[in-house]
Amino acid sequence: MSDSHSDATSQLRREMGFWDVLLFNIAAVLGPRWIAAAAHNGPSSLSLWFLAAVLFFFPTALVITELSTRFPAEGGLYVWTREAFGDFHGFVAGWAYWVYSFFYFPGLLVASTAMGAYIGGVSHAYLADNRNFLLTGSLLLLAVAVGLNIVGLNIGKWLQNAGGVGTYTPLLILLGIAAFIYFRFGSQAHFTLHDTLPTWNLDTVNFWSQIAFAFTGLELVCTMSEEVRNPQRTFPRAILGSGILIAVIYMLGTLAAMVLVSPAKIDPKSGVFQAITSGSNMIGLGFLGVLAALLVTVGNAGGVGSTVAGVARVPFAVGIDSYLPAFFGKIHPRWRTPYISILIQAGISAVILVLAQISETINGAYQVLVDAAIILYFLPFLYMYAAAIKLAYRDDRNRASGAVLIPGGRSGVWLVGLLGFSICLLAMILSMIPPGETTNKAVFELKLIGGTGIAILIGLALYWRSKPKTERVAT
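Residues numbered from 1 in each chain as written. Predicted model: local features only at pLDDT ≥ 70, side-chain atom pairs only at ≥ 80, totals over all residues. Heavy atoms only, no water.

Q: How do you make sense of unusual backbone geometry when you look at a structure like this?
A: With the exception of glycine, most residues fall at negative phi, and the peptide bonds are largely trans. Positive phi values are uncommon outside glycine, yet Asn-230 reaches one of about 50°. Within the secondary structure layout, Asn-230 lies in the loop between helix H9 (206-214) and helix H10 (231-260). (Helix = DSSP H or I, 4+ residues; strand = E, 2+ residues; numbered from the N terminus.)

As structure tokens, then:
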């Protein structure tokens, strides 16, 4: 790591402990919208959740744990890729990881605002499909998350903590209501072993990539390693604890939603709260739907806040290394946060949020945003798994103080690395297949491939523009 990088990041404050990191992970990874999408897909989602947890989520957690404890530096995935493959590949990974957020935030914000419509109960549920409500609410939610994270993690972390609690608690309410109704009235969905097995269908296979995407985010807090107290001890425990909690609630939450509402009727954005509201009204406890919607609004704000906080550290680290304009590496003089990175990230996301609505239905615009985010997000993940394999051959692996290594030596690293790499590559390919409900598949593909391609080309142009400058500095 360069001296300038170390000098700049040393100004950051270590504000986060074990519970902060665990709740940050829950806020960053766990998404009620993925449970809604899975329930809408039907009972076959249950086996997809299980396969994704075993073959992707936990292997990925092992990779992240090793890399974050071997290289506990600000920038996370960008730093790991640079250590393994050099500056160019580090930049490409860091750039794609940052740019994905431009598409991820709008999708998350739209889904979050749609869920918030249920605060008003059944009578206001129609707002979940009202374009003006969704756009206005999304921009307000983004502004709150950005403002709190600029003020600093000593304040912003409470948004993430509240987000973890606010996301998990409504899902526990969902489980309770579904259990009561199942034993009292039965289930809206029919479950057999055959129904729960994955089925190949070009109209629904696009959803498979979302299952893998729903399990991502554990690496996010690692971009803030130098703002975590004792990261080599904190990361392994928090990653394991949050990973178990997330995997269990995804599967049980999907099952519960289908007990309360038949899959064909579940809204893929706000279906969890559609199910809670429906179930709570059936048992005469309508206030539970309002309570859950209130909690998840806070939870989603925390999810936005955690992603703003984590992803903004990547261009901050790249800016310090001079591959982006130097102002990306600036720290706020009062609050000690990378405020320029945060503001630029939020501004571009807001523009894309508006542009995505052009010539698309609400669900169609949402799907374009989700698929573009998946493609850009999994590109640096490919680098991450490859980096874990290459760095396993460095002599310092077994001598790294405080590192928690993948079990099984190099064979274990190859196993989990290839699993993660293969599933990410498959998810990227499947996300390019338009879902069956898409109104204009050609326009969908144009927006998806054109948007992601232009985003990568802009990054490469910035890199090559900065390369002579960094070479002069080196000499």
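Q: Where do I start with the packing of aromatic side chains in this structure?
A: Centre distance and the angle of the planes are the two values used to describe a pair of aromatic rings. On inspection of all chains with the given rule, the structure shows 26 aromatic pairs. Taking the centre distance of 4.3 Å and the plane angle of 10° together, the rings of Trp-49 and Tyr-250 count as stacked. With a gap of 201 residues between them, Trp-49 in helix H4 (residues 44-70) and Tyr-250 in helix H10 connect regions that are remote in the sequence. Comparing Trp-49 with Tyr-250, the two get one shared label, buried. Relative to Phe-378, the ring of Phe-213 has its centre 6.2 Å away and its plane inclined at 85°; by these criteria the two rings are edge-to-face. Of the two residues, Phe-213 sits in helix H9 while Phe-378 sits in helix H15 (residues 362-391), which places them 165 residues apart along the sequence. Residue placement shows Arg-237 over the ring face of Phe-18; its charged tip is 4.6 Å from the ring centre. (Phe/Tyr/Trp six-rings, centres within 6.5 Å; stacked < 30°, edge-to-face > 60°. Buried < 20%, exposed > 50% of the residue type's maximum accessible area, 1.4 Å probe, protein only. Lys NZ or Arg CZ within 6 Å of the ring centre and 35° of its normal.)

Q: Help me understand the packing of helix H3 (residues 32-41) against H4, please; the structure alone is not making it clear to me.
A: Look at H3 against H4: their axes get within 7 Å of each other, and the N-to-C directions meet at 130°. Judged by the angle between their axes, H3 and H4 are oblique. Residues Trp-34, Ile-35, Ala-38 and Asn-41 of H3 form the contact with H4, whose participating residues are Ser-44, Ser-45, Leu-48 and Trp-49. (Axes fitted to C-alpha atoms, helices over the stretch in contact; angles between N-to-C directions. Parallel < 35°, antiparallel > 145°, perpendicular 65-115°, else oblique. Contact = heavy atoms within 4.5 Å.)

Q: What am I meant to see in the pattern of salt bridges here?
A: One side chain can pair with another of opposite charge once the charged atoms of both are near each other. Applying the stated rule across the entire model yields five salt bridges. With a shortest N-O distance of 3.5 Å, Glu-66 and Arg-70 are connected by a salt bridge. Of the two residues, Glu-66 and Arg-70 both sit in helix H4, four residues apart, roughly one turn of that helix. Per residue, the accessibility class of Glu-66 equals that of Arg-70, and both read buried. For Glu-83, the salt bridge is made with Arg-394, and the minimal N-O distance between the two is 3.0 Å. Of this pair, Glu-83 sits in helix H5 (residues 77-85) while Arg-394 sits in the loop between H15 and helix H16 (409-430); the two residues are 311 residues apart in sequence, bridging distant segments of the chain. What makes Glu-83 partly exposed here is its relative accessible area of 28%. A relative accessible area of 28% places Arg-394 in the partly exposed class. (Salt bridge = Lys/Arg side-chain N within 4 Å of Asp/Glu carboxyl O.)

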